[in-house]
Structures are given as structure tokens and as C-alpha cells.
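# Descriptive analysis of the structure
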Amino acid sequence: MTDNDGYFSEPIAATYDDSTADMFAPDAVEPAVALLAELAGEGRALELGIGTGRIALPLAARGVDVHGIELSRAMANRLRDKPGGDAVGVTIGDFATARAPGDFTLAYLVFNTIMNLTTQDAQVDCFRNVARHLEPGGTFVVEVMVPDLRKLPPGQNTVPFHVGDHRLGFDTYDLATQAMSSHHVKVTKDGQGSFWSIPFRYVWPAELDLMARLAGMRLRERWEDWGRKPFTHDSRQHVSVWEKAAD
């Protein structure tokens, strides 16, 4: 990490929404918000890694009381500056351990953010932290990729995910440790370049199910996407819902 904001410091926060513009499109946001609002019901929702409010703000606009945990003050400041941002509370801290005020009927992690925790212990701690926040019967939702290891031929550890005229993105994998990193290279029209890399730990669906059980939660649903498309062996991502045991 380069500073107290982790890997999402001010220069990254300043361009984050533009660099992930596809994820802010209605067809990416609205199905997620609809499902999360349904699961939250009349209760409160907790977003781990709330970022600049891509999901939290439209969810709050539906009348859901949303609170977030976010390590990066730079990202949280972008959220607060947006319309409706002052109505969304944010606790600054590591979402594997930080405690937000009150109890919740829903907690959620979207856009591969569970992988920002780069050790298995931290991911287990995250599930336990969520369980401490949830009311009995509450749900925890995670949207995350299925590791793209089938794209790796023997001897290769790199998978490109974007190749364009001015931007190159690729992931590198360590199969022995489940460590991976996403690398972003940008070249402007005047020939100036920038490079940004962020580490992750990829995680399998069955591994997440075990983490949930350790925290007193059980898998309730798993789909390929927010539209509830069935999850299959060909799915490249999943949206999973675990439920905390009722007292």
C-alpha cells in the first residue's frame, strides 16, 4: 500500500468512476440494486468497500438505509460529494474488522471486492465480521469472479482482460498461493504513460461457502448474475447469498 488509503489513493479516486464507466451503466447497476433492495426489505444495508457509491447511492434512493465501510478516505470523499451522498454514513476502516454502528438485515460486497483482502485469514475474518453485523436471518451477498484459470496454458501465468489502442489490462496469477494482481497500463495521445497495479486473492465458490459456515451462515442462493441466471460450470462470475442462522 502506498498510503493510508491503500491502493485507492487520491489519484485513483479522482479517475475511478471514469475508468470503470461500464460498471456505472444502468444495465450493470439496476439489476444489482433491485435484488439488494429486495433482500434488505425494511431493514438496513451495509456495503463493504462502498467506494464512490456506485451501488449505495441508487440503493439509498430506493429508501434503503445504507451504511458503508471504506478504507480509502479519497473514495469516501467522492461519495460524499455526490447528490445524496450526505445521507449515506461511512465508517473508515478495513472491512474485514471495522465495526459499523447498529445491526443490518443485509450486507454486501460487489465487483470482486472480496478479493481485495489478500489472505485467506482476512477473507475468513470478513465473513465473521459480517455475521457480527447481521440480524438473525439476515443475508450476505457477494458478487465475484470465478478464477479464469482455464485460460492459462501450461507455463503461463498472465491473462489479458483489456487490449485497446490506449489501454492494456492484464492479470497475473500464482496458482500456489491463489495470489493474483491486476495491472493497468495507459498511454495518452501525447505518448505519456501510467501504470497501476493492485493485488488480490482469488477465491473459489466452495471456499466461500466454507468461510460462511465458519461464521454461522449457510448458502441460500447462487446465480451467475444479478438477473438470477443459473450458475453453471461455464459461469465466469457468481452472485451468492448466505443467510445467518436465526436464534
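Refer to the structure printed above.
Overview of the structure.

Looking only at helices and strands, one finds 6 helices and 11 strands in the protein chain. Scaling as 2.2 N^0.38, a compact globule of 247 residues should have a C-alpha radius of gyration of about 18 Å, and the protein chain matches this with 18 Å. In terms of its C-alpha atoms, the protein chain occupies a principal-axis envelope of roughly 55 × 45 × 35 Å. Counting over 247 residues, the protein chain shows a buried share of 49%. The long-range share in the protein chain, meaning contacts at least 24 apart out of those at least 6 apart in sequence, stands at 59%. Side chains of the protein chain give 24 positive and 34 negative charges; the mean places of these two sets differ by 3 Å.

Once that is clear, we can look at the sheet that holds strand 2 (residues 65–70). Across a sheet, strands are paired by hydrogen bonds formed along the backbone, either parallel or antiparallel in direction. In spatial order, the strands read 3-2-1-4-5-11-10; together these 7 strands make up an open sheet with mixed pairing. Every other strand in the sheet has two partners, leaving strand 3 (89–92) and strand 10 (217–223) as the edge strands with one partner each. Neighbour-to-neighbour, the strand axes of this sheet turn through a mean angle of 20°, independent of strand direction. In this sheet, strand 2 lies alongside strand 1 (residues 44–48) in parallel orientation, the contact comprising 5 bridges. Across the sheet, Leu46 pairs through a bridge with His67, a residue of strand 2. Against the sheet, helix 6 (residues 205–214) makes contact with strand 5 (134–145), strand 10 and strand 11 (237–244), and its axis sits at roughly 150° relative to strand 10, the strand it touches most.

One open sheet accounts for 4 strands, arranged 6-7-8-9; its pairing is antiparallel. Each edge of the open sheet is held by one strand with a lone partner, namely strand 6 (158–163) and strand 9 (193–201). Taken over all neighbouring pairs, the strand axes of this sheet differ in orientation by 15° on average, direction set aside. Sheet analysis places strand 6 next to strand 7 (residues 167–174), joined by 5 bridges and oriented antiparallel. Within strand 7, the position partnered with Val159 by the bridge is Asp171.

Attention now moves to the pattern of salt bridges. Applying the stated criterion across every chain, the model contains 12 salt bridges. For Arg201, the salt bridge is made with Glu207, and the minimal N-O distance between the two is 2.9 Å. Under the relative-accessibility criterion, Glu207 is labelled buried at 14%. Across the pair Asp209 and Arg222 runs a salt bridge, and its minimum N-O distance is 2.6 Å. Linking Asp209 in helix 6 with Arg222 in strand 10, this pair joins segments that are 13 residues apart in sequence. Arg222 carries the same exposure label as Asp209, and that label is buried. Taken together, the salt bridges that share partners define one network made up of Asp148, Lys151 and Arg236.

Scoring rules and cut-offs
Residues numbered from 1 in each chain as written. Predicted model: local features only at pLDDT ≥ 70, side-chain atom pairs only at ≥ 80, totals over all residues. Heavy atoms only, no water. Helix = DSSP H or I, 4+ residues; strand = E, 2+ residues; numbered from the N terminus. Rg over C-alpha atoms; globule rule 2.2 N^0.38 Å. Buried < 20%, exposed > 50% of the residue type's maximum accessible area, 1.4 Å probe, protein only. Contact = heavy atoms within 4.5 Å. Lys, Arg positive; Asp, Glu negative; His and termini not counted. Charge placed at Lys NZ, Arg CZ, Asp CG, Glu CD. Pairing = 2+ DSSP bridges. Axes fitted to C-alpha atoms, helices over the stretch in contact; angles between N-to-C directions. Salt bridge = Lys/Arg side-chain N within 4 Å of Asp/Glu carboxyl O.

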